[in-house]
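Residue-level listing of the chains:
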Amino acid sequence: EALFEAGLREVNLLVKLASCLLELGEEARAHALFDEAVAAFPKEVDAWFHRGQMRLLEGDLKSAREDLQRVCKLNPNHEMAFVQLAFCYAQEQRFEPAIESMKRAVSCQDCPAAVWVHYGELMNMMARLGEAEELFKSAIEKDKTWPYSYVNLATLELQARNDYLKAFEYLGKAIQVDASCVAAFVQRAQLYMLMQENEKASEDLERAMAQCRTSSDLKQVCGMKISLRFQTEALERYQQLTKAEAV
């Protein structure tokens, strides 16, 4: 912000400052900065991409789609623009172009494992669980150190087979390859809560809290900690009531 106030105007500065303001809840200023970035640097993909992401998160699907399509024209090898465009189409219930956009994303040069995971998430959203599983496994083949492949496989095991043991195995692998993966700790804590192993759930949530880097991560972990507290208190009250009735 100091650089901005000093008069510096570069696309990276405008985009990063706008993104920080979004995290702080200053949406109006963030919008103005993204608009300034695309107006001042119309050939820079970062400005269009990040404004498109913001609009997608806010549910302005038409505007998000237009921004992301602009990115794809400026850089046909921008895999994450195709990914976000696919999710934009999916939210519009236009699944055929969503799949085509994902296919375009994974065909980009040096496509990372994260893109295969997003493709799997789209298939999961469409209840095509077998295809989703294959895509998550393809992501592991691409990069065995990307934790979200394992996190998504854990989710799928619960959805498709209600297999807690396999889900625990995948989440343990996610944490093994990346001990900063908040999603893995949170999901494992949820499983422990379902099994009423609240001490283990609390340990995982504390580890997740230590790794939080965004407001969304922090909100998710805090929400889970509140749920755990209520569950623990309810269980303690039930145990006290049971003891009293036994006496």
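Just above, that's the structure.
On a predicted model such as this, the values are computed, not experimentally measured, just so you know.

### Thoughts on the overall build of the protein chain
So, point 1. Summing up its helical and strand segments, the protein chain has 14 helices and zero strands in all.
So, point 2. Listing each helix as α and each strand as β along the protein chain from the N terminus yields α-α-α-α-α-α-α-α-α-α-α-α-α-α.
So, point 3. Dimensions of the protein chain, computed from the C-alpha atoms along their principal axes, are close to 75 × 45 × 30 Å.
So, point 4. Expressed as a percentage of the 247 residues in the protein chain, the buried residues total 41%.
So, point 5. Between the averaged position of the 29 positive side-chain charges in the protein chain and that of its 38 negative side-chain charges there is a distance of 2 Å.

### Here we look at helix α12 (residues 182–194)
So, point 1. Between its first and last C-alpha, α12 extends 19 Å over 13 residues, near the 18 Å set by a 1.5 Å rise per residue.
So, point 2. Among the 13 residues that make up α12, 10 are buried, leaving the element largely enclosed by the rest of the structure.
So, point 3. Along α12, the positions that sit buried rather than exposed are V182, A184, F185, V186, Q187, R188, A189, L191, Y192 and M193.
So, point 4. In this structure, the buried side of α12 is in contact with α10 (147–161), α11 (164–177), α13 (198–211) and α14 (215–246).
So, point 5. Looking one or two places after α12, you find Q196, whose phi comes out positive at around 60 degrees.

### A word on the pattern of salt bridges
Pairing of side chains with opposite charge becomes possible as their charged atoms draw close.
So, point 1. Counted by the stated rule, this structure contains 18 salt bridges.
So, point 2. For R29, the salt bridge is made with E26, and the minimal N-O distance between the two is 3.1 Å.
So, point 3. Since its relative accessible area comes to 34%, R29 is described here as partly exposed.
So, point 4. Residue K103 pairs with E100 through a salt bridge whose shortest N-O separation is 3.8 Å. With K103 and E100 both in helix α7 (residues 95–106), this residue pair falls three residues apart, about one helical turn.
So, point 5. It is possible to trace a salt-bridge network through shared partners that takes in D35, R51, R55 and D67.

### Examining unusual backbone geometry
So, point 1. Of note in this structure, Q93 is not a glycine but carries a positive phi near 65 degrees.
So, point 2. Tracing the sequence through the fold places Q93 in the loop between α6 (79–91) and α7.
So, point 3. With phi around 60 degrees, Q196 is a residue other than glycine that occupies positive phi space.
So, point 4. Residue position: Q196 is located in the loop between α12 and α13.

### Comments concerning the nonpolar core
The tendency in soluble globular proteins is for nonpolar side chains to be buried as a group.
So, point 1. Core analysis: the largest hydrophobic core is formed by 75 residues, its most contacted members being L122 and M123.
So, point 2. If we ignore the near neighbours within four places in the chain, the residues touching L122 are F87, A90, A98, I99 and M102.

### Brief notes about the packing of α12 against α14
So, point 1. Two numbers describe how α12 lies on α14: the axes approach to 11 Å, and their chain directions differ by 15 degrees. Between α12 and α14, the angle is such that the two are roughly parallel. At the point where α12 passes α14, the crossing takes the left-handed sense. Touching V182, V186, A189, Q190 and M193 of α12 are D217, Q220, V221, M224, S227, L228 and Q231, all from α14.

### Regarding the packing of α13 against α14
So, point 1. One way to put it is that α13 packs onto α14 with a least axis distance of 10 Å and a crossing angle of 160 degrees. Between α13 and α14, the interaxial angle falls into the category roughly antiparallel. In terms of crossing hand, the pair formed by α13 and α14 is left-handed. Residues N198, A201, S202, L205, E206, A208 and M209 of α13 form the contact with α14, whose participating residues are L218, V221, C222, M224, K225, L228, Q231, T232 and L235.
So, point 2. Classifying every residue of the contact of α13 with α14 gives 10 nonpolar, four polar and two charged.

Here is what the cut-offs are and how they apply
Numbering of residues starts from 1 in each chain and follows the order in which that chain's sequence is written. Predicted model: local features are reported for residues with pLDDT of at least 70 only, side-chain atom pairs are reported and counted for 80 or more only, and whole-chain, interface and lining totals are derived from all residues. By convention in this description, side-chain values take in all heavy atoms of the structure and omit both hydrogens and water. Runs of E in the DSSP output that reach at least two residues are strands. Runs of H or I that reach at least four are helices, and both are numbered from the N terminus. For the exposure calls, accessible area comes from a 1.4 Å probe over protein chains only, and a residue counts as buried if that area is under 20% of its type's maximum, exposed if over 50%, partly exposed in between. In this tally, Lys and Arg are treated as positive and Asp and Glu as negative; His is ignored, and so are the chain termini. In plain terms, the charge of a residue is placed at NZ if it is Lys, CZ if Arg, CG if Asp and CD if Glu. Expected span of a helix: the number of residues minus one, times 1.5 Å. The contact rule is simple, with two residues in contact once any of their heavy atoms fall within 4.5 Å. Salt bridge criterion: a side-chain nitrogen from Lys or Arg within 4 Å of a carboxyl oxygen from Asp or Glu. To form a nonpolar core, buried Ala, Val, Leu, Ile, Met, Phe, Trp, Tyr and Cys residues must be joined to one another through side-chain atoms within 4.5 Å. What counts as an axis is a line fitted to C-alpha atoms, over the stretch in contact for a helix, and the angles between N-to-C directions run from 0 to 180 degrees. Small angles under 35 degrees read as roughly parallel and large ones over 145 as roughly antiparallel, with 65 to 115 read as roughly perpendicular and the rest as oblique. The handedness criterion is simple: a crossing whose near helix is rotated anticlockwise from the far helix by less than a right angle is left-handed, and one whose near helix is rotated clockwise is right-handed. Residues are grouped as follows: nonpolar covers Ala, Val, Leu, Ile, Met, Phe, Trp, Tyr, Cys and Pro; charged covers Asp, Glu, Lys and Arg; every other residue, Gly included, is treated as polar.

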